[in-house]
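Take a look at the letters that make up each chain.
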Amino acid sequence: MIHSRNRRLRVNESIRSLVRENTLTTDDFVMPIFVMEGENKQEPISSMPGIFRRSIDLTVKECKELFSLGVKSVNLYMKVSDHLKDNTGKEAWNKDGLMQNTIKAIKDAVPGMIVMPDVALDPYSIYGHDGIIENGKILNDATNDALARMSVSHAEAGADIVAPSDMMDGRVLAIREALEESGFTDVGILSYAAKYASSFYGPFRSALDSAPKDDMEIPKDKKTYQMDFHNSREALNEVYKDVEEGADIIMIKPGLPYLDIVSKVREAIDVPIAVYNVSGEYAMVKAAAQNGWLDNDKTIIESLTCFKRAGADLIFTYFAKEAAMILNN
Ligand SMILES: NCc1[nH]cc(CCC(=O)O)c1CC(=O)O
Ligand SMILES: [Mg+2]
């Protein structure tokens, strides 16, 4: 006769919720946002149904809505006009640039919103790379100087936390030192510490027109700086270094196919862990849901909860608004 019956704790929703180990709330969400020049403009991103590029005014409106739904952080990406792109990425630290003006506008309208600008050169690079290029190579240290200037200009505009997503070595230290020297001791760094070279970034790159250019003279992919997806121990090596250099929060990216990495890093470190449910993961769920092959709402909540189970504290997800509406109901 069996005495131990695990099904006892599953007989109804009340008992299930009583013994539940992880809970998803809107407190966990960071919403990535795409911004473009202009006024009263909103353009759909075809590979990401339900996601738009918006001008600053409509972005502010969206932020108010997000905040009222309980989403208290946004991660900002700029669609940079072609004529502003070059190899140095200098538009990235223009005091009057699209990013800087967006940060100011959001902090003015929704002061409680945690604003996390993306720090990386790719949207500003004529080559679509996260670094400055010389003789066909991505320069590490020169790129770090640029990222530090960019971060300080974000802090001057009012950013709460800068989020370097480039994967140059030593950039967390370079950014931390520049922020300290400029007096921004309270501006945090969320570092994309273990970021893999992934096919799941496709829809994002088309949203910003930021894919590496097909040119014989430059690397055709990001494999000399982003990590090799065959590796897992290497993620710890990356994370330890960024924490030592002063990262306040570290990020694992992509998300769903990389939950083993999240779990492994969770066991190794005690700083908050962010995970990025990237554009390709969003596109897969949306495509299946639109075909009636998956239940949209249930699949979203299950996927996001799995990030919590794996050990993530914060979730960057394009589902943030939709998931907040589902959870609030
Ligand atoms: N610095 C680039 C950057 N920052 C965030 C993403 C991807 C996000 C997503 O796919 O949702 C990328 C793309 C890339 O590395 O090419
Ligand atoms: Mg690193």
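Numbers given for residues are sequential positions, taken from 1 along each chain in its written order. Note on labels: chains are lettered from A, ligands numbered from 1, in written order. Local features in a predicted model are, by the rule used here, given only for residues with pLDDT of at least 70; side-chain atom pairs are given and counted only at 80 or more, and totals for whole chains, interfaces and linings are based on all residues. Side-chain metrics rest on all non-hydrogen atoms present in the structure, leaving aside hydrogens and water.

With an unreviewed UniProt entry as reference, the protein is termed Delta-aminolevulinic acid dehydratase, source organism Chryseobacterium tagetis. UniProt positions are given in the numbering used here, feature names are shortened, and annotations may be inferred rather than shown by experiment. As its UniProt record puts it under Sequence similarities (unreviewed entry), the protein is described as follows: "Belongs to the ALAD family." Of the comments in the UniProt record for the protein, the one headed Pathway (unreviewed entry) reads "Porphyrin-containing compound metabolism; protoporphyrin-IX biosynthesis; coproporphyrinogen-III from 5-aminolevulinate: step 1/4."

### Things to note about the site of ligand 1
Residues are labelled near a given molecule or strand when at least one of their non-hydrogen atoms is within 4 Å of it. Near ligand 1, the surroundings consist of 17 residues, among which R205, K222, K253, S279 and Y318 are the closest. Whenever two N or O atoms come within 3.5 Å, that pair is a polar contact, provided that in protein one can donate a hydrogen and the other can accept it, and provided that, for residues adjacent in sequence, both atoms are side-chain atoms. D130 has a polar side-chain atom sitting 2.9 Å from a nitrogen atom of ligand 1. Contacts to ligand 1 include K253, whose side-chain N or O atom sits 3.4 Å from a nitrogen atom. Compared with its free state, where it exposes 400 Å², ligand 1 has 100% of that area covered by protein. The residue classification treats Ala, Val, Leu, Ile, Met, Phe, Trp, Tyr, Cys and Pro as nonpolar and Asp, Glu, Lys and Arg as charged. All others, Gly included, are polar. Residue composition of the shell around ligand 1, grouped by class: eight nonpolar, three polar and six charged. Surface exposure here means Shrake-Rupley accessible area, sampled with a 1.4 Å probe, where a residue is shielded only by the protein chains that are shown.

### Observations regarding a positive patch on the surface
Among the surface-exposed residues, R5, R7, R8 and R10 lie close enough to one another that they form a single positively charged patch. Secondary-structure assignment places R7 in the segment before helix 1 (13-18). The buried label goes to any residue with under 20% of its type's maximum accessible area, the exposed label to any with over 50%, and the partly exposed label to all in between, with areas taken from a 1.4 Å probe on protein chains only. Here R7 falls in the exposed class, since its relative accessible area comes to 67%. Patches here are clusters of residues that have more than 30% relative accessible area and form no salt bridge, with a 9 Å joining cutoff for like charges and a 5 Å cutoff for nonpolar side chains (Val, Leu, Ile, Met, Phe, Trp, Tyr). By definition here, a salt bridge exists when the distance from a side-chain nitrogen of Lys or Arg to a carboxyl oxygen of Asp or Glu is within 4 Å. In this tally, Lys and Arg are treated as positive and Asp and Glu as negative; His is ignored, and so are the chain termini. Charge positions come from single atoms, namely NZ of Lys, CZ of Arg, CG of Asp or CD of Glu. Numbering goes from the N terminus for both helices and strands, where a helix is a DSSP run of H or I of at least four residues and a strand is a run of E of at least two.

### Points about the packing of helix 9 (residues 279-290) against helix 10 (residues 296-310)
Two elements in contact, helix 9 and helix 10, have axes separated by 9 Å at closest approach and are oriented at 155°. Comparing their axes, helix 10 and helix 9 come out roughly antiparallel. Once helix 9 is placed against helix 10, the crossing between them reads as right-handed. Of helix 10, the residues touching helix 9 (which contributes E281, V285, K286 and A289) are N296, T299, I300 and F307. A class-by-class count of the residues in the contact of helix 9 with helix 10 yields four nonpolar, two polar and two charged. Inter-axis angles, ranging from 0 to 180 degrees, are taken between N-to-C directions of lines fitted to C-alpha atoms, where helices are fitted over the stretch in contact. Oblique is the label for any angle not under 35 degrees, not over 145, and not in the 65 to 115 range, which are roughly parallel, roughly antiparallel and roughly perpendicular in turn. The hand of a helix crossing depends on one turn: near helix anticlockwise from the far one by less than a right angle means left-handed, and clockwise means right-handed. Any pair of residues with heavy atoms lying within 4.5 Å of one another is described as a contacting pair.

### Considering the confidence of the model for the protein
Across the chain, each position has a pLDDT score giving the predictor's confidence in that residue, from 0 to 100. Averaged over all residues, the pLDDT of the protein equals 97, while 100% of them reach at least 70. Confidence estimates for the predicted assembly give a pTM of 0.97 and an ipTM of 0.97.

### Looking at the nonpolar core
Within the largest apolar cluster, 104 residues are counted, with the highest numbers of intra-cluster contacts made by F34, V74, L190, I250 and F316. At seven residues, the largest contribution of residues to this core is made by helix 4 (residues 140-157). Ignoring any residue separated from it by four or fewer positions in sequence, one finds L190 in contact with M116, I161, V162, A163, P164, I249, M251, A274, L314 and F316. Nonpolar cores are built from buried Ala, Val, Leu, Ile, Met, Phe, Trp, Tyr and Cys residues. Side-chain atoms within 4.5 Å join them into one set.

### Examining the packing of aromatic side chains
When the centres of two rings from Phe, Tyr and Trp lie within 6.5 Å, Trp using its six-membered ring, the rings pair. Their planes under 30 degrees apart give stacked, over 60 give edge-to-face, and anything left gives tilted. Counting across every chain of the model gives 10 aromatic pairs. Plain terms: the ring middles of Y276 and F316 are 5.5 Å apart, the flat faces sit at 40° to each other, and that makes the pair tilted. Here Y276 is found in strand 11 (residues 273-277), whereas its partner F316 is found in strand 12 (residues 314-317), with 40 residues between them in sequence. By the burial criterion, Y276 is buried, and F316 matches it.

### Thoughts on the pattern of salt bridges
A complete count under the given rule lists 20 salt bridges for this structure. The residue E62 makes a salt bridge to R54 at a minimum N-O spacing of 3.6 Å. The buried category is assigned to E62, whose relative accessible area is 7%. E62 is the salt-bridge partner of K321, the closest N and O atoms lying 3.2 Å from each other. Of this pair, K321 sits in helix 11 (residues 320-328) while E62 sits in helix 2 (residues 56-69), and the two are 259 residues apart along the sequence. Using a relative accessible area of 16% as the deciding quantity, one classes K321 as buried.

### Focus on the packing of helix 2 against helix 11
Helix 11 packs onto helix 2 with a crossing angle of 35° between their chain directions and a minimal axis gap of 10 Å. When the axes of helix 2 and helix 11 are compared, the crossing they make is left-handed. Residues E62, E65, L66 and L69 of helix 2 touch helix 11, and the partners they reach there are K321, A324, M325 and N328. Counted by class, the contact of helix 2 with helix 11 contains four nonpolar, one polar and three charged residues.

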